[in-house]
Amino acid sequence: TYALHQVGHLYAKNGDWEQAAQSFKRAASTKGNVIRMRSTYEEARCLEELEKFEEAIALYERIVASKDESALTVKALSEERLLWLAANRRIKKSS
């Protein structure tokens, strides 16, 4: 689990955002992952790099809505990303 998360960071460091996102996604879905929300957050950041904003936003919103109290820092980071995306017009406004 942690190894998959770290592999994601290696891909991201090399600019391979697609592979990084996949590694973080696999890490987040691995049973027993104690940093599941962090892995989900990192996946969302990779999706932003790939300009897949709607997918990233959905992940950030899922993190913010989570009842996982061990992920308060990740929730705050996700809220910050949502605000940034809204400020930079990456979030579509409802008509």
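The rules we used
- Residues numbered from 1 in each chain as written.
- Predicted model: local features only at pLDDT ≥ 70, side-chain atom pairs only at ≥ 80, totals over all residues.
- Heavy atoms only, no water.
- Helix = DSSP H or I, 4+ residues; strand = E, 2+ residues; numbered from the N terminus.
- Rg over C-alpha atoms; globule rule 2.2 N^0.38 Å.
- Buried < 20%, exposed > 50% of the residue type's maximum accessible area, 1.4 Å probe, protein only.
- Contact = heavy atoms within 4.5 Å.
- Areas by Shrake-Rupley, 256 points an atom, 1.4 Å probe, with all protein chains shown as cover.
- Lys, Arg positive; Asp, Glu negative; His and termini not counted.
- Charge placed at Lys NZ, Arg CZ, Asp CG, Glu CD.
- Phe/Tyr/Trp six-rings, centres within 6.5 Å; stacked < 30°, edge-to-face > 60°.
- Lys NZ or Arg CZ within 6 Å of the ring centre and 35° of its normal.
- Axes fitted to C-alpha atoms, helices over the stretch in contact; angles between N-to-C directions.
- Parallel < 35°, antiparallel > 145°, perpendicular 65-115°, else oblique.
- Left-handed = near helix turned anticlockwise from the far one by under 90°.
- Nonpolar A, V, L, I, M, F, W, Y, C, P; charged D, E, K, R; others polar.
- Core = buried A, V, L, I, M, F, W, Y, C linked by side-chain atoms within 4.5 Å.

Asks: Give me the lowdown on the overall build of the protein, citing residues and values where you can.
Replies: Counting its secondary structure elements, the protein contains five helices and zero strands. When its helices and strands are written in sequence order, the protein yields α-α-α-α-α. Relative to the 2.2 N^0.38 estimate, which gives 12 Å for 95 residues, the radius of gyration of the protein is 13 Å and therefore close to what a compact globule would have. In terms of its C-alpha atoms, the protein occupies a principal-axis envelope of roughly 40 × 30 × 20 Å. Expressed as a percentage of its 95 residues, the buried residues of the protein come to 36%. Long-range pairs, those at least 24 residues apart, make up 43% of the contacts in the protein with a sequence separation of at least 6. With the model as given, the accessible surface of the protein reaches about 6200 Å², and the carbon-plus-sulfur share is 51%. Placing the 16 positive and 14 negative side-chain charges of the protein at their respective mean positions leaves the two points 2 Å apart.

Asks: Mind laying out the environment of arginine 90, listing which residues take part and the relevant values?
Replies: Relative to the elements of secondary structure, arginine 90 occurs in the segment after helix H5 (72-87). Separated by 39 residues in sequence, arginine 90 and glutamate 51 have C-alpha atoms that sit 9.2 Å apart. Residue contacts for arginine 90: discarding those within four places in its chain leaves Phe53, Glu54, Ile57, Trp84 and Leu85.

Asks: Run through the packing of aromatic side chains, naming residues and quoting values.
Replies: What the rule picks out here adds up to one aromatic pair. In this arrangement the basic side chain of arginine 81 is found over the ring face of tryptophan 84, its NZ or CZ atom lying 4.8 Å from the centre.

Asks: Account for the packing of helix H3 (residues 36-49) against H5, naming residues and giving values.
Replies: Two numbers describe how H3 lies on H5: the axes approach to 10 Å, and their chain directions differ by 20 degrees. Considering the angle they form, H3 stands roughly parallel to H5. With respect to the hand of their crossing, H3 and H5 are arranged in left-handed fashion. Residues Met37, Arg38, Tyr41, Arg45 and Glu48 of H3 touch H5, and the partners they reach there are Val74, Leu77, Ser78, Arg81, Trp84 and Leu85. Per-class residue counts for the contact of H3 with H5 are six nonpolar, one polar and four charged.

Asks: Run through the nonpolar core, naming residues and quoting values.
Replies: Tyr60 and Val74 are the most contacted members of the largest nonpolar core, which has 14 residues in total. Within the residue set of this core, elements represented by two or more residues are H3, helix H4 (53-65) and H5. In terms of residue count, the dominant contributor to this core is H4 (six residues). Formed by five residues, the second largest nonpolar core is a distinct cluster that contains Ala20, Ala21, Phe24 and Cys46.

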